[in-house]
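# Structural characterization, general
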Amino acid sequence: SFATTATPEQARAASKAQVRKIKKPTAEKKEEASSFSGSVILSKNNSLYDHQDGTFYDGVGYEIDLNYKFSLGALATRVSYDQNVRNNYEDQSDFNDSPVIYSMNPFMFEGINETNMSMTPNITATIPISKKSVKYDQLQTSIVLGVGLGFTPKQVSPTGNFSFSFGLTAGRNLHRYEEDVNGAILNQYSSNQKMSVTYTLQSYSLNVSYTHKTRWSYINTIREGFELSEELAYEYSPAFAMAIGHTNSGAALKANGQDSNFTLVNEDDSVVYLYGAFNF
């Protein structure tokens, strides 16, 4: 189900799935000069509301991102760990599954007026590491095909620039069994549809993104969900960036199966986060 309270996985989606690095010309030249790069990220993640009922999530995230660029594209992977700092939830602290992502070199197209358009196909394989995937779901791996479209300005404006991106993925999970150890039916197929808008002004950027999620189980039941996030980032230097943001995710429909569950802020599922990233 997509209707979950704040969890380490949800906090990770907020602070890690969209690490923002503001691309200034100096930073781009540094990346071109080296085929290997990476980031070390420390994040603080909290539920937006504390209902004093034991559901409040108070966590710290640790992450290392590694990227290798070569003539045929780029490889990327991530190792991350979420720590719940509340003593009564210590058992929820765990590593997250690690993705291995291959992205082809972008195909560049002439955009409209002063805008460039790029298309980047990619494929992701999952290395199961988390207790949930290994012990409970017995996930072997997942394979996800994706394509991203990006629209960026050709020239930097002193009043700031808008950029837009759209992404589509389709994937399959490979489990040892169709049910988890508790007898719940697992998801076999998945698809995400994401759109994002970013406004950049000098060393600041403001990003708003929305993702619609579709999951098909092994018995062909369909679950739909969403994730909405807003993030304000600041690049102190090409080597260091920090950001603050909010994310809200959940099922697309309420429990009655008819009414929309979409809200900008949800007192049960909203997570706020702060992170710092050291880029090398």
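Before any of the text, the structure's been laid out above.
Structural notes, computed from the coordinates. Values in this document were obtained by computation on a predicted structure and should not be read as measured data. (Residues numbered from 1 in each chain as written. Predicted model: local features only at pLDDT ≥ 70, side-chain atom pairs only at ≥ 80, totals over all residues. Heavy atoms only, no water.)

## Here's the deal with the side chain of D82
What counts is decided by this rule: Helix numbering and strand numbering both begin at the N terminus, where a helix is a DSSP run of H or I of at least 4 residues and a strand a DSSP run of E of at least 2. Throughout, exposure labels follow a simple rule: accessible area from a 1.4 Å probe, protein chains only, divided by the maximum for the residue type, with under 20% read as buried, over 50% as exposed, and the rest as partly exposed. Counting of polar contacts relies on pairs of N or O atoms within 3.5 Å, with two restrictions inside protein: one atom must be capable of donating a hydrogen and the other of accepting it, and residues adjacent in sequence are counted only when both atoms are side-chain atoms.
Take D82: it is sitting in strand β3 (residues 73–84). Residue classification places D82 among the buried positions, given a relative accessible area of 0%. A distance of 3.0 Å separates the side chain of D82 from the side chain of N96, its partner in a polar contact.

## Observations concerning the pattern of salt bridges
Basically, it comes down to this: Salt bridge, as applied in this entry: a Lys or Arg side-chain nitrogen positioned within 4 Å of an Asp or Glu carboxyl oxygen.
Here the structure, examined in full by the defined rule, presents 3 salt bridges. K44 is paired through a salt bridge with D58; the nearest N and O atoms lie 2.3 Å apart. In this pair, K44 is assigned in strand β1 (residues 36–47) and D58 in strand β2 (residues 58–70), connecting sequence segments 14 residues apart. According to the relative accessible area criterion, K44 is partly exposed, its value standing at 32%.

## Details of the nonpolar core
Rules: Buried Ala, Val, Leu, Ile, Met, Phe, Trp, Tyr and Cys residues form a nonpolar core when they are joined through side-chain atoms within 4.5 Å.
One finds I41, A233, A243, Y273, Y275 and A277 forming the largest nonpolar core, which totals 6 residues. It is strand β14 (residues 271–279) that provides the largest number of residues to this core, a total of 3 residues.

## Topic: the packing of aromatic side chains
So the rule is basically this: Two rings from Phe, Tyr or Trp (for Trp, the six-membered ring) form a pair when their centres sit within 6.5 Å of each other. Planes less than 30 degrees apart are called stacked, planes more than 60 degrees apart edge-to-face, and all others tilted.
Tallied over the entire structure, the rule returns 10 aromatic pairs. Ring-pair connections join several aromatic residues into one group, and the members of that group are Y68, F70 and Y102.

## Some details on the pairing of strand β10 (residues 187–201)
Put simply, the rule is: When DSSP finds at least two bridges between two strands, those strands are taken to pair.
Relative to β10, strand β9 (residues 161–175) runs antiparallel, the two sharing 12 bridges. Bridge pairing links F162 to Y199 in β10. Hairpin geometry of β10 and strand β11 (residues 204–217) is characterised by an intervening segment of 2 residues between the two adjacent antiparallel strands and by a positive phi of about 55° at Q202.

## Description of unusual backbone geometry
The backbone phi angle of Q52 is positive, close to 60°, even though this residue is not glycine. Locating Q52 in the fold gives a position in the loop between β1 and β2. Take Q52: its relative accessible area is 68%, and that puts it in the exposed class. Even without glycine at this site, Q202 takes up a positive phi of about 55°. Tracing the sequence through the fold places Q202 in the loop between β10 and β11.

## What about the pairing of β3?
Inspection of the sheet shows β2 paired to β3 by 12 bridges, in the antiparallel sense. Bridge pairing in β3 links I64 to V79. Counted along the chain from β2 to the antiparallel partner β3, the turn is 2 residues long. As defined by bridge partners, β3 adjoins strand β5 (residues 98–104) across 5 bridges and the pair is classed as antiparallel. By the bridge assignment, T77 is partnered in β5 with V100. Examined bridge by bridge, β3 and strand β4 (residues 94–95) share 2 bridges and lie antiparallel to one another. Within β4, the residue paired with Y81 across the bridge is F95.

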